[in-house]
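One letter stands for each residue in the lines below.
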Amino acid sequence: MMDLQNTAIELQVDGLVGPTHNFSGLSFGNIASSASAGKTSNPRAAALEGLEKMALVAGLGVAQALLPPHPRPAIGFLRKICGGKTIAETLERAHTLSPTLLAAAWSSSPMWTANAATVFPSSDTADHRLHLVVANLHTQFHRTIESTDTAWLLTQLLPDQTQVQIHPPLSAHAALSDEGAANQMRLSSSHGTAGVHVLVYGRDDAHVSTTTKYPARQSLLASRSVAALGQLSTQRALFVQQSPAAIDAGAFHNDVVAVANENLLLTHDQAFTISPKILADQLSNALGSPIHCLTATTAELPLAEAIRTYLFNSQLLTTPGGMVLVAPEECRNSPQASAVIDRWLAAGTPLKEVRYVAVRQSMSNGGGPACLRLRIPLTTVELARVNAGLTLTPDLKARLQFFINQNYPETITTTDLRDSSLARRCLEATEGLHRLLQIPAPQLEA
């Protein structure tokens, strides 16, 4: 008889792109975000692209769920800073105080759920419960306002709190800057067996960063703290420093230069301050079994091209037919990136197939396929306790498509952020999405 408790899968949890998706260029160190600043965005297209990616993943036989967008613009957040009795007055006050403040309140950045939390599955933790530590995202002002809603939405996704512990974010202090699972990789012989976590940081215990152009966002102390809160033993944690060269090239998170799944690690040779071979050897020793490590060298794929195409921000998935790489369309159109993928596919590892996906609106704002999802390894029993209303089905996809086409604005410019009628339309759309997904809707601001 099958032991359901030890049979495991990896749930992909995507953030649905919100109706306020815009290009304000808020993320310093994120080259695509800065390059798109001031351009016209298409929230409707962005949400539909994300939904198609989710459907592709579900069609591969992978469990796929989603979270609705946070209420944006964040009027309550603005009122605490600049006051205002009506939405229109609050938006104007915020704009007068700082256009950047106004843009932060409109940001649709919660769609990038790779930053929602760091995840420690029950197979790896001391108390054999699933632990999620919500990220504080301390280094980016527009993202510091996400954690309360993120924590609440995770409780809606994982309502059985007897088997799940969702930890609040670390204190919002520079020494505890935490960016979530975008700086975490888990390797194991399978999703159902105990794994080893690579927790990648940019700043050491002295809070010193050796980058010269962009800030290192993740601190070593934060990485150690989330591992401790997640009840991860020291034998199951490797703390590895991200290469300053990678950060200065625009790899603001580890998942821009490395990705792993089960016993396969894909990495750029400049991802870390140690070589990929040394890391692979450390992982094999910690796991007690060999891993496959496929590297892209600087000669064949310069860091700038790796970051432009977001090759390593692909989703690496275990499917019934073997391991599949879900890569951005930009990789197919890059001779260098596509050549690396072809070489990997011929290497005789568990990687069997590549699927390309268009998420151009998200890519233009600095987030690829992997940024849009949080990975949660679950046992079959735990999966059965996930909120079924948030699991993507063909019927739910069709209803979401119809809703998005009816309720999302087609375009947004930065000058539109002062428009109170657009703000109310976006807030009403978010409220409607919560109702569609049958979870409590946020109260509309007056």
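Every value quoted in this text rests on a predicted model; they were computed, and no experiment measured them.

## Digging into the side chain of Glu-179
You can see Glu-179 is positioned in the loop between strand E5 (164–167) and strand E6 (184–187). A polar side-chain atom of Glu-179 sits 3.2 Å from a polar atom in the side chain of Thr-139. In contact with Glu-179, other than residues within four places in its own chain, are Ala-114, Asn-115, Ala-135, Leu-137, His-138, Thr-139, Arg-217, Gln-218 and His-253.

## Topic: the pattern of salt bridges
By the definition in use, this model includes 16 salt bridges. Residues Glu-10 and Arg-375 are paired through a salt bridge, measuring 3.0 Å at the closest nitrogen-oxygen approach. Separated by 365 residues along the polypeptide, Glu-10 in strand E1 (residues 8–15) and Arg-375 in strand E15 (residues 373–379) bring together distant segments of the chain. Here Glu-10 and Arg-375 have matching classes, each one buried. Arg-399 serves as the salt-bridge partner of Asp-395, at 3.0 Å between the closest nitrogen and oxygen. Linking Asp-395 with Arg-399, this pair stays in helix H15 (residues 394–407), spanning four residues, or about one helical turn. Note on Asp-395: relative accessible area 49%, which makes it partly exposed.

## Let's talk about the confidence of the model for the protein
Chain-level statistics for the protein give a pLDDT mean of 95 and a share of 97% at 70 or above. Per-residue pLDDT stays below 50 along residues 1–5; that stretch engages in six contacts with residues further than four places along the chain or on separate chains.

## Focus: unusual backbone geometry
In terms of backbone geometry, most residues other than glycine have negative phi values and most peptide bonds are trans. Note that the residue after Arg-72, namely Pro-73, is joined by a cis bond; omega there is 5°. For Pro-73, the position within the fold is in the loop between strand E2 (64–67) and helix H3 (75–82). Unlike most non-glycine residues, Leu-137 shows phi in positive territory, near 50°. Here Leu-137 lies in the loop between strand E4 (130–134) and helix H6 (147–157). The backbone of Tyr-310 shows a phi angle near 55°, a positive value even though the residue is not glycine. Note that Tyr-310 resides in the loop between helix H10 (303–309) and strand E12 (315–319).

## Quick notes on the layout of surface pockets
Estimated volume of the largest pocket: approximately 420 Å³. Taken together, 19 residues make up the lining of the largest pocket; nearest its centre are Ala-74, Gly-76, Phe-77, Asp-149 and Glu-445. Mapped onto the lining of the largest pocket, the elements with two or more residues apiece are H3, H6 and helix H16 (420–436). Considering each element in turn, the lining of the largest pocket owes the most residues, four residues, to H3. Of the residues in the lining of the largest pocket, the class split is nine nonpolar, six polar and four charged. Volume-wise, the second largest pocket comes out at about 210 Å³. Along the walls of the second largest pocket sit Ile-31, Ala-32, Ala-304, Ile-307, Arg-308, Tyr-310, Glu-330, Arg-360, Met-363, Ser-364 and Gly-366, which together make up its complete lining. Only helix H1 (31–36), H10 and helix H13 (360–364) provide two or more residues apiece to the lining of the second largest pocket.

## Regarding the sheet that holds E1
With mixed pairing, the three strands of this open sheet are ordered in space as E2-E1-E15. Either end of the sheet is taken by a strand with one partner, and the two such strands are E2 and E15. Across this sheet, the average inter-strand angle for adjacent strands is 30°, counted without regard to direction. Packing of helix H2 (residues 43–59) onto the sheet brings it into contact with E1, E2 and E15, and relative to E2 it is tilted by some 155°.

What counts, and at which threshold
- Residues numbered from 1 in each chain as written.
- Predicted model: local features only at pLDDT ≥ 70, side-chain atom pairs only at ≥ 80, totals over all residues.
- Heavy atoms only, no water.
- Helix = DSSP H or I, 4+ residues; strand = E, 2+ residues; numbered from the N terminus.
- Polar contact = N/O pair within 3.5 Å; in protein donor to acceptor, adjacent residues only side chain to side chain.
- Contact = heavy atoms within 4.5 Å.
- Salt bridge = Lys/Arg side-chain N within 4 Å of Asp/Glu carboxyl O.
- Buried < 20%, exposed > 50% of the residue type's maximum accessible area, 1.4 Å probe, protein only.
- pLDDT = per-residue confidence, 0-100.
- 1 Å grid on protein atoms, 1.4 Å probe; cavity = no way out; pocket = protein on both sides within 12 Å on 5 of 7 lines; lining within 4 Å.
- Points joined across faces, edges and corners; volume = space filled by probe spheres on them.
- Nonpolar A, V, L, I, M, F, W, Y, C, P; charged D, E, K, R; others polar.
- Pairing = 2+ DSSP bridges.
- Axes fitted to C-alpha atoms, helices over the stretch in contact; angles between N-to-C directions.

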